[in-house]
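# Observations on the model geometry
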Amino acid sequence: AETLWRQLGLEALLTPLLTYDGDARIRIETFACLANALQKIPASMQSRSINDFTLQYVFRAATDPRQHVWIQCAAINLLASLALDAFAAVAGKRLEQPRAGDDLFVRRRAILLVGQKLAQRPALVGLLDTARRDPSPYVRQALAEALTQADDDSLVRLMPMLLREDITPQVRAAATLQIPA
């Protein structure tokens, strides 16, 4: 897979489009193309397959709130696959320092990914508490879903808070929908 990736030369083809100054949709779709192609490679080979510029671009895109929100979301998603330690740091920063506006989409994506990665990295469990205090109901709704993949202690501690104490009815409803039948 690594050899095929290098033979395709996809990074060389896409790099100029990642930095295109025109229509943001070009950068968004270019990044989506790159992310999709990379995620087809086995996870163990992904970070070895890409060059340093691409890895740095992914990291910068995941951390830079000036990037288009959908590029940030795709970047944090890809970072969770490429470099779990870097993802943990970025997710922590994004969740601990919420910004106004479209940042809620990035935080929601981050907490859903935290839920998916808990089995691989149990230390991410602390971010669940951070998400419970998020100012956006949209993010707290995602927390309800992420909790279904958490350890029993976190589930027993946090789910009742979402079910009974959250001030937003939509969050309480999202938590209710996550109760197993």
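See the structure above.
Quick look at the structure, then. (Residues numbered from 1 in each chain as written. Predicted model: local features only at pLDDT ≥ 70, side-chain atom pairs only at ≥ 80, totals over all residues. Heavy atoms only, no water.)

Two side chains with opposite charge may pair up if their charged atoms get near one another. Counted according to the given criterion, the structure contains eight salt bridges. In this structure, Asp-85 engages Arg-121 in a salt bridge whose closest nitrogen and oxygen atoms are separated by 2.3 Å. Of the two residues, Asp-85 sits in helix α7 (residues 84-96) while Arg-121 sits in the loop between α8 (103-117) and α9 (126-132), which places them 36 residues apart along the sequence. Residue classification places Asp-85 among the exposed positions, given a relative accessible area of 56%. Its salt-bridge partner being Arg-157, residue Asp-129 comes within 2.4 Å of it at the nearest N-O pair. Note that Asp-129 is positioned in helix α9 and Arg-157 in helix α11 (residues 152-165), a separation of 28 residues in sequence. Among the ionic contacts, a cluster of salt bridges with common partners joins Arg-94, Asp-103, Arg-107 and Asp-134. (Salt bridge = Lys/Arg side-chain N within 4 Å of Asp/Glu carboxyl O. Helix = DSSP H or I, 4+ residues; strand = E, 2+ residues; numbered from the N terminus. Buried < 20%, exposed > 50% of the residue type's maximum accessible area, 1.4 Å probe, protein only.)

This brings us to a nonpolar patch on the surface. A contiguous nonpolar patch, built from Leu-17, Tyr-20 and Ile-26 and spanning about 240 Å² of accessible area, is present on the exposed surface. Its location among the elements puts Tyr-20 in the loop between α2 (10-18) and α3 (24-39). Accessibility expressed as a relative area gives 39% for Tyr-20, which makes it partly exposed. (Patch = residues over 30% accessible without salt bridge, like charges linked within 9 Å, V, L, I, M, F, W, Y side chains within 5 Å. Areas by Shrake-Rupley, 256 points an atom, 1.4 Å probe, with all protein chains shown as cover.)

It is worth spelling out the side chain of Thr-54 at this point. Here Thr-54 shows up in helix α5 (residues 52-63). Setting aside residues up to four positions removed in sequence, Thr-54 forms contacts with Glu-11 and Leu-34. (Contact = heavy atoms within 4.5 Å.)

Quick look at the nonpolar core now. Ranked by internal contacts, the top residues of the largest apolar core, which has 53 residues, are Phe-31, Phe-87, Ile-111, Val-114 and Leu-128. A per-element tally of this core places helix α6 (residues 69-82) first, with nine residues. Among all residues touching Leu-128, those that are not within four sequence positions of it are Ile-111, Val-114, Leu-118, Leu-143, Ala-146, Leu-147, Ala-150, Ser-154 and Leu-158. (Core = buried A, V, L, I, M, F, W, Y, C linked by side-chain atoms within 4.5 Å.)

What follows deals with α6. An α-helical segment advances 3.6 residues per turn. Residues three or four places apart therefore align on the same side. Between the first and last C-alpha of α6 there are 20 Å, a value that for 14 residues agrees with the 20 Å anticipated at 1.5 Å per step. With eleven of its 14 residues buried, α6 lies for the most part within the structure. Tucked inside the fold, the buried residues of α6 contact α3, α4 (43-49), α5, α7 and α8. (Expected span 1.5 Å × (residues − 1).)

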